[in-house]
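Here's the letter readout for the chains.
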Amino acid sequence: MAAKPCGERPEYIPNRISDPSYIRILDTTLRDGEQSPGATMTAAEKLDIARQLANLRVDVIQPGFPAASNADFNAMKMIAQEVGNQVYEDGYVPVIAGFSRCVEKDIAVAWDAVKYAMRPRLCISISTSPIHMEHKLRKTKDEVIQLARDMVTFARSLGCHDVQFGAEDATRSDRDFLYQLLGVVIEAGATTVNIPDTVGILMPFEFGELILDIKNNTSGIENVIISTHCHNDLGLATANTIEGARAGARQLEVTMNGIGERAGNASLEEVVMALTCKGYHALDGLYTRINTRHILKTSKMVEEYSGMHLQPHKALVGANAFVHASGIHQDGMLKHKGTYEIISPSEIGLKRSAGVGIILGKLSGRQALRKRLEELGYVLEKDQLDKVFWHFKVMAEKKKVVTDADLKTLVSYKTFHAEPMWKLGDLQVTCGTMGLSTATVKLVNTDNDTHVTCSIGTGAVDSAYKAINLIVKEPIKLLEYSLNSVTEGIDATATARVVICRENYHTSTNAFTEDTTYPTYSGIGTGMDVVLASVEAYLVALNKLLGCKESFKSAE
């Protein structure tokens, strides 16, 4: 579904947005995301991700908790100095936000890390729910209110004009107390108030009602930005985040791939693409200025650096997100991509040659098989396709996925059974340290004509292959060559295997790996003479290539 073109990125003002439909995106992958068990990243990795988040055009980057460790402090300072001072060609400058508790020392350390950025922000947080205040903070409501007021005031006194206040566990807090506390921090100078669903407990309609209640009952709320920070304990983080935006939140805190504490956070790619697809039509024109074509690249970087591997069915960025296995779905996709894809994969940066993500398995039909074979360079007649399809179905019953290599084998071994066009007559090679390696080859064709030629090369096998090419006069490229001993001893039998293709042949790109693919042909030769076995393997592959050239329509 194509989104209606949205407006330009509004000028950054900490406590207001000139366009009421614009949504700021705060990415906390490097702070809350890194709190996933085992997701710790190095300073260099954090810097790489911060650069990529800037390419993604994230409004606010929250790189960590500087007071937590020297490593976190140094990483944030480095990001503030480099990424936070980059003015991009479209005028974009990311806000760099340091996180801290409502502790004076933490706030001072965070400021020392982020103050080097052009747009520094301090994000200070304190718990506001009864269970947190009693068991975690061991403070009364009045003490929490006083501490929150004092720490926002202290943050402003450092010279920070962009202060975000977060009410941890806001969704389990007493409403009247929450309104009072937020009014106090706004009066003290907060520019953004963050409403976290820290334990992911609310239903979407409940979270939307909470944001509306805060808007309607908090003194001074019209002078600040309302932010959301939703966790995924019930699998509702993305839905709650979108509902918060519908209710009036204009900053959404997310992480790449949805990583974070416990079940994770609201996923950046899900939230952003939901707004991209549905913002104009269903969400009163809400939009972001995220460069969505950097989503997949950012996702892969975060996955690699954090070690938090994605499940294949993860929305948008999982391996199966744009893959179609059912024969019915594959047929629909071949006829029109919109039948089963609501967005083009290119919108998130996924490139594929044919634009149709078809994975072949036991549910696939003839048309899907035909399409992929064409992409690999094989265009088969109907009877040839029927023959390959039968063998394909047998293979698919035994394997979950039939790969491109499997398909090439099927075409090569199951479809082509023609009489060899060239047979080896005689072979003589000379090699060693006394001179150049040479090979004399005699080949006999189907008309029983004899052709003899000689060539030099880097070794006996190379010389023989070059001599064969001179006779056959086909532009052939050797892709793979391997030699293995089948038996032991001086009289060991060796097996040679080669894979070849035609030079300058039609190529395509694998829809999933983005590797270049082309029609290839393999051959195997066995014997005690390794050179002779290698030549026999080459001739087997060559005859397949020539036979397919005659039998199949050229894909060039």
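Per chain, the residues get numbers from 1 upward, laid out in the order the sequence is written. The predicted origin of the model limits local features to residues at a pLDDT of at least 70 and limits the giving and counting of side-chain atom pairs to 80 or more, whereas totals for whole chains, interfaces and linings rest on all residues. Calculated side-chain values reflect all of the structure's heavy atoms, with hydrogen atoms and water omitted.

- The name an unreviewed UniProt entry gives the chain is 2-isopropylmalate synthase, with Flemingia macrophylla as the organism.
- UniProt positions are given in the numbering used here, feature names are shortened, and annotations may be inferred rather than shown by experiment. UniProt's Sequence similarities (unreviewed entry) comment on the chain is quoted here verbatim: "Belongs to the alpha-IPM synthase/homocitrate synthase family."
- UniProt, in the comment section headed Catalytic activity (unreviewed entry), describes the chain in these words: "3-methyl-2-oxobutanoate + acetyl-CoA + H2O = (2S)-2-isopropylmalate + CoA + H(+)".

**Things to note about the sheet that holds strand E9 (residues 422-430)**
Link 1 in the chain: We treat two strands as partners when DSSP finds at least two bridges between them. The numbering of helices and of strands both runs from the N terminus, where a helix is a DSSP run of H or I of at least 4 residues and a strand a run of E of at least 2. With antiparallel pairing, three strands are arranged side by side in an open sheet as E9-E10-E11. If you trace the sheet from one side to the other, it starts and ends with E9 and strand E11 (450-457), each paired once. Averaged over all adjacent pairs, the angle separating strand axes in this sheet is 20°, with direction ignored.
Link 2 in the chain: Direction of pairing for E9 relative to strand E10 (residues 437-445): antiparallel, over a ladder of eight bridges. Residue pairing across strands places Asp426 opposite Lys442, the latter belonging to E10. Fitted lines through C-alpha atoms serve as axes, helices being fitted only where they are in contact, and the angles separating the N-to-C directions of these axes extend from 0 to 180 degrees.

**Description of a nonpolar patch on the surface**
Link 1 in the chain: On the surface, Ile201, Met203, Phe205 and Leu234 cluster together into a nonpolar patch covering about 370 Å² of accessible area.
Link 2 in the chain: Within the secondary structure, Phe205 is located in helix H7 (residues 204-217). Surface patches are drawn from residues lacking salt bridges whose relative accessible area is over 30%; two like charges belong together within 9 Å, two nonpolar side chains (Val, Leu, Ile, Met, Phe, Trp, Tyr) within 5 Å. Surface accessibility follows the Shrake-Rupley procedure with a 1.4 Å probe radius. Residue values consider only the protein chains on display as shielding. Whenever a carboxyl oxygen of Asp or Glu lies within 4 Å of a side-chain nitrogen of Lys or Arg, that contact is scored as a salt bridge.

**Section: the sheet that holds strand E6 (residues 192-197)**
Link 1 in the chain: Spatially, E1-E2-E3-E4-E5-E6-E7-E8 is the arrangement adopted by the eight strands of the closed barrel, whose pairing is parallel. Going from strand to strand, the sheet's axes swing by 25° on average, the running direction of each strand aside.
Link 2 in the chain: Both strand E2 (residues 60-64) and strand E3 (residues 95-101) contribute to a ladder of three bridges, which runs parallel. When the bridges of E3 are listed, Ile61 appears paired with Ile96.

**Remarks on the confidence of the model for the chain**
Link 1 in the chain: Each residue carries a pLDDT score, the predictor's own confidence in it, on a scale running from 0 to 100. Mean pLDDT over the chain stands at 86; residues scoring 70 or higher make up 85%.
Link 2 in the chain: Working rule for contacts: check all heavy atoms of both residues, and any pair within 4.5 Å makes them a contact. The low-confidence segment residues 509-514, where pLDDT is below 50, has 18 contacts with residues more than four positions distant or belonging to other chains.

**Here's the deal with helix H9 (residues 268-282)**
Two residues of an α-helix separated by three or four positions point the same way, owing to the 3.6 residues in each turn.
Link 1 in the chain: Maximum bend of H9: about 40°, positioned at Thr276.
Link 2 in the chain: With a 1.4 Å probe rolled over the protein chains alone, any residue whose accessible area is under 20% of its type maximum counts as buried; one over 50% counts as exposed, and the rest are partly exposed. Among the residues of H9, Leu268, Glu269, Val271, Val272, Met273, Leu275, Cys277 and Gly279 are the ones counted as buried.
Link 3 in the chain: Where the residues of H9 are buried, they touch strand E1 (24-27), helix H8 (237-247), strand E8 (251-254) and helix H10 (295-306).
Link 4 in the chain: Asp284 occupies a position one or two residues after H9 and carries a positive phi of about 55°. One axis fitted to the seven residues ending at a residue, another fitted to the seven starting there: the angle between these axes is the bend at that residue.

**So, helix H12 (residues 366-375)**
Link 1 in the chain: Where H12 is concerned, the buried positions are Ala368, Leu369, Arg372, Leu373 and Glu375. End-on, the buried residues of H12 take up no more than an arc of 155°, which puts them together on one face. The arc under discussion is defined with respect to the helix axis, by the directions toward the C-beta atoms.

**Remarks on the packing of helix H5 (residues 141-157) against helix H6 (residues 175-188)**
How two helices pack is summed up by the angle between their axes together with the distance between the axes.
Link 1 in the chain: Following both chains from N to C, one finds H5 and H6 inclined at 25°, their axes separated by 8 Å at the closest point. When the axis of H5 is compared with that of H6, the two are roughly parallel. Of the two elements, H5 crosses H6, and the hand of that crossing is right-handed. Note on element contacts: H6 touches H5 through Phe177, Gln180, Leu181, Val184, Val185 and Ala188, opposite Lys141, Val144, Ile145, Ala148, Arg149, Val152, Thr153 and Arg156.
Link 2 in the chain: Here the contact of H5 with H6 is composed, by residue class, of nine nonpolar, two polar and three charged. In this scheme, roughly parallel covers angles under 35 degrees and roughly antiparallel covers those over 145, while 65 to 115 is roughly perpendicular and the rest are oblique. In this scheme, a crossing is called left-handed if the near helix is turned counterclockwise away from the far one by less than a right angle; it is called right-handed if the turn is clockwise. As a working rule, the residues Ala, Val, Leu, Ile, Met, Phe, Trp, Tyr, Cys and Pro are called nonpolar, Asp, Glu, Lys and Arg charged, and the rest polar, with Gly in that last group.

**Some thoughts on the pairing of strand E4 (residues 120-127)**
Link 1 in the chain: In terms of residue burial, E4 counts as a mostly covered element, since eight of its eight residues are buried.
Link 2 in the chain: Judged by which residues are buried, E4 turns out to be covered on both faces: Pro120, Leu122, Ile124 and Ile126 on one side and Arg121, Cys123, Ser125 and Ser127 on the other are all buried.
Link 3 in the chain: Here E3 pairs with E4 via six bridges, running parallel. Considered in E4, the bridge of Arg101 is made with Ser125.
Link 4 in the chain: At this point the chain moves from E3, through helix H3 (residues 104-114), to the parallel E4, and the crossover so formed is right-handed.
Link 5 in the chain: Where E4 lies against strand E5 (residues 163-168), six bridges are found, and the strand directions are parallel. Look down the strands so they point away from you; if the path from the first strand over the helix to the second goes clockwise, the crossover is right-handed.

**Considering the packing of aromatic side chains**
Link 1 in the chain: Each Phe, Tyr or Trp ring (for Trp, its six-membered ring) is paired with any other whose centre lies within 6.5 Å, and the angle between the two planes then decides the class: stacked below 30 degrees, edge-to-face above 60, tilted in between. In this structure the tally under the stated criterion is six aromatic pairs.
Link 2 in the chain: An angle of 90° between the planes, with centres 5.5 Å apart, marks the rings of Phe65 and Phe99 as edge-to-face. Placement of Phe65 in the loop between E2 and helix H2 (70-82) and of Phe99 in strand E3 is noted, with a sequence separation of 34 residues between them.
Link 3 in the chain: A relative accessible area of 15% places Phe99 in the buried class.
Link 4 in the chain: Centre to centre, the rings of Tyr88 and Tyr92 are 5.4 Å apart; their planes meet at 50°, and the pair counts as tilted.
Link 5 in the chain: Three or more aromatic residues joined by ring pairs make a cluster, and in this case those are Tyr465, Tyr481 and Tyr538.
Link 6 in the chain: By definition here, charges over rings are those cases where NZ of Lys or CZ of Arg is within 6 Å of the ring centre and within 35 degrees of the ring normal. Seen from the ring of Phe99, Arg31 lies directly overhead, with NZ or CZ sitting 4.0 Å from the centre.

**Some details on the pattern of salt bridges**
Link 1 in the chain: Under the criterion given, the structure shown has 22 salt bridges.
Link 2 in the chain: Put simply, Lys46 and Glu34 hold a salt bridge, and the shortest N to O gap is 3.0 Å. Taken together, the residues Lys46 in helix H1 (residues 43-55) and Glu34 in the loop between E1 and H1 connect sequence positions twelve residues apart.
Link 3 in the chain: A relative accessible area of 14% means that Glu34 is categorised as buried.
Link 4 in the chain: Among the charged side chains, a salt-bridge network with shared partners connects Glu34, Lys46 and Asp72.

**Re the pairing of E8**
Link 1 in the chain: Burial along E8 is two-sided: the face carrying Gln251 and Glu253 and the face carrying Leu252 and Val254 are both buried.
Link 2 in the chain: Relative to E8, E1 runs parallel, the two being bridged by four bridges. Each bridged residue has a counterpart across the sheet, and for Arg24 the counterpart in E8 is Gln251.
Link 3 in the chain: By the bridge criterion, three bridges tie strand E7 (residues 225-230) to E8 in an arrangement that is parallel. Its bridge partner lying in E8, His229 is registered against Glu253.

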